[in-house]
Amino acid sequence: MSDEEGALVEPTAVGFHALNLAQVDVGDDVLVVGGGIIGLVSAMFAKKSGASKVVVSEANIERGEKAVELGVADEWIDAKDEKVMNEYTNHFDKVIECCGNTPAVNSALKLVKPGGTVVLVGVSMVPLNFASIDAVMKELTLIGAIAYTKEEFAKCIDMIANKEIDVLKFVSKTISLEEVQSAYEELTSGKSESIKILVDPNK
Ligand SMILES: NC(=O)c1ccc[n+]([C@@H]2O[C@H](COP(=O)([O-])OP(=O)(O)OC[C@H]3O[C@@H](n4cnc5c(N)ncnc54)[C@H](O)[C@@H]3O)[C@@H](O)[C@H]2O)c1
């Protein structure tokens with residue numbers, strides 16, 4: 001595989017692990033909260049697992065649209081649009097949370113259906129304030145996901161090398177070391193349509 005594909009193995013394995021924990025069944029409706037690289041690879045694997053509908057919720061319009069454009073989501077919903085979010089209350093069989101903030105976790109708990117599963121991938125270094133009542137009343141299964149197993153990592157190498165999955169489509173651009181600062185500023189603006197920016201020190 002190319003160096004660029006090699007750089008994508010790690011985040012791909014994070015999404016693959018999350019999907020394995022979620023145990024998506026054929027015909028499931030799956031919500032992925034957050035359309036960054038982790039959310040998009042998770043959405044890609046949800047479709048590959050036979051989900052009938054994969055929806056990505058996003059707070060950044062550019063990234064929401066990108067999820068559909070890249071073919072990993074059937075639809076995207078605006079996480080800031082309360083009306084649309086309410087329409088999906090109790091809808092999804094499986095939810096993969098890929099943001100790690102309070103509103104995102106609460107939306108996962110609200111939009112999953114009773115008896116459903118929420119996989120928590122997003123990381124927060126501070127305690128979150130979430131509505132545990134949703135988990136109690138709906139008897140949800142909450143699963144934490146960290147990294148991947150050695151076998152899952154190896155499987156991702158194979159899938160990429162065999163062209164079973166295309167991860168290069170998530171690379172928005174390749175930059176030089178000098179451009180790293182501005183790339184961070186772009187990515188943390190909350191408005192960027194870039195997903196994965198690779199750094200080539202030889203550029
Ligand atoms: N558990 C693990 O092993 C593991 C591994 C890698 C990354 N992570 C974590 O996964 C998360 C995603 O990683 P990433 O690189 O894709 O991050 P990212 O910041 O690129 O993507 C997160 C996306 O969530 C969106 N967002 C913010 N609030 C939202 C909300 N309320 N509803 C919907 N979308 C919302 C943002 O606009 C952003 O596009 C991060 O928290 C990261 O630390 C976990």
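Below is a summary of the structure that appears in this document. (Residues numbered from 1 in each chain as written. Predicted model: local features only at pLDDT ≥ 70, side-chain atom pairs only at ≥ 80, totals over all residues. Heavy atoms only, no water.)

Near the ligand, the surroundings consist of 23 residues, among which Glu58, Arg63, Cys99, Ala145 and Ala147 are the closest. Isoleucine 38 places a main-chain nitrogen or oxygen 3.1 Å from an oxygen atom of the ligand. One of the backbone N or O atoms of cysteine 99 is found 3.0 Å from an oxygen atom in the ligand. Considering the ligand on its own, with 860 Å² of exposed area, one finds that the protein chains cover 73% of that surface. (Near = heavy atom within 4 Å. Polar contact = N/O pair within 3.5 Å; in protein donor to acceptor, adjacent residues only side chain to side chain. Areas by Shrake-Rupley, 256 points an atom, 1.4 Å probe, with all protein chains shown as cover.)

When its volume is computed, the largest pocket comes out at roughly 850 Å³. The wall of the largest pocket is formed by 39 residues, among which Gly34, Glu58, Arg63, Cys98 and Cys99 lie closest to the centre. Per-class residue counts for the lining of the largest pocket are 21 nonpolar, 12 polar and 6 charged. In this structure, the second largest pocket encloses a volume near 160 Å³. Together, Asp3, Glu4, Ala7, Thr174, Leu198, Val199, Asp200 and Pro201 line the second largest pocket. Elements that contribute at least two residues to the lining of the second largest pocket include exactly α1 (3–22) and β8 (196–199). In terms of residue class, the lining of the second largest pocket is made up of 4 nonpolar, 1 polar and 3 charged. (1 Å grid on protein atoms, 1.4 Å probe; cavity = no way out; pocket = protein on both sides within 12 Å on 5 of 7 lines; lining within 4 Å. Points joined across faces, edges and corners; volume = space filled by probe spheres on them. Nonpolar A, V, L, I, M, F, W, Y, C, P; charged D, E, K, R; others polar. Helix = DSSP H or I, 4+ residues; strand = E, 2+ residues; numbered from the N terminus.)

Turning to helix α3 (residues 61–69), a few remarks are in order. For α3, every residue scored as buried is listed here: Arg63, Gly64, Lys66 and Ala67. Here the buried residues of α3 occupy an arc of 160° about the axis, which is enough to place them on one side. Along its buried surface, α3 packs onto α2 (37–48), β2 (53–58), β3 (75–78) and α8 (180–187). Near the N-terminus of α3, the side chain that reaches the backbone nitrogen of glutamate 62, with its oxygen 2.9 Å away, is that of asparagine 60. (Buried < 20%, exposed > 50% of the residue type's maximum accessible area, 1.4 Å probe, protein only. Arc of directions from axis to C-beta. Contact = heavy atoms within 4.5 Å.)

As a further point, take the nonpolar core. With 39 residues, the main nonpolar core has Met44, Ile96, Val121 and Phe170 as its most contacted residues. Considering each element in turn, this core owes the most residues, 8 residues, to α1. Valine 121 has contacts with Val14, Ala18, Ile38, Ile96, Glu97, Cys98 and Ala145, leaving out every residue within four places of it along the chain. Phe92, Val105, Val112 and Val118 belong to the second largest nonpolar core, which has 17 residues in total. (Core = buried A, V, L, I, M, F, W, Y, C linked by side-chain atoms within 4.5 Å.)

Within the open sheet, the 6 strands sit side by side as β3-β2-β1-β4-β5-β6. Their pairing is parallel. A single partner strand is all that each edge strand has here, and the edge strands are β3 and β6 (141–144). Averaged over neighbouring strand pairs, the angle between their axes works out to 20° when direction is ignored. Pairing analysis gives 4 bridges linking β2 to β3, with the strands arranged parallel. Across the sheet, residue serine 57 finds its bridge partner in β3, namely isoleucine 77. (Pairing = 2+ DSSP bridges. Axes fitted to C-alpha atoms, helices over the stretch in contact; angles between N-to-C directions.)

Glancing now at a nonpolar patch on the surface. Together, Ile133, Val136 and Met137 make up an exposed nonpolar region whose accessible area comes to about 340 Å². The residue methionine 137 is located in helix α6 (residues 132–137) in this model. Overall, the relative accessible area of 62% leaves methionine 137 in the exposed class. (Patch = residues over 30% accessible without salt bridge, like charges linked within 9 Å, V, L, I, M, F, W, Y side chains within 5 Å. Salt bridge = Lys/Arg side-chain N within 4 Å of Asp/Glu carboxyl O.)

A few words now on the pattern of salt bridges. Inspection of the entire model under this criterion finds 11 salt bridges. Glutamate 5 is the partner of lysine 163 in a salt bridge, and the nearest nitrogen-oxygen pair spans 2.9 Å. Pair noted here: lysine 163 is in the loop between α7 (150–161) and β7 (171–175) and glutamate 5 is in helix α1, with a separation of 158 residues, a long-range link. The partner of lysine 66 in a salt bridge is glutamate 69, and the shortest N-O contact between them spans 3.7 Å. A residue pair is termed a helical-turn pair when its members lie 3 or 4 positions apart in one helix, as lysine 66 and glutamate 69 do in helix α3 at 3 residues. On the accessibility criterion, lysine 66 (17% relative accessible area) is buried. Salt bridges linked by common partners bring Asp25, Asp28 and Lys94 together as one network.

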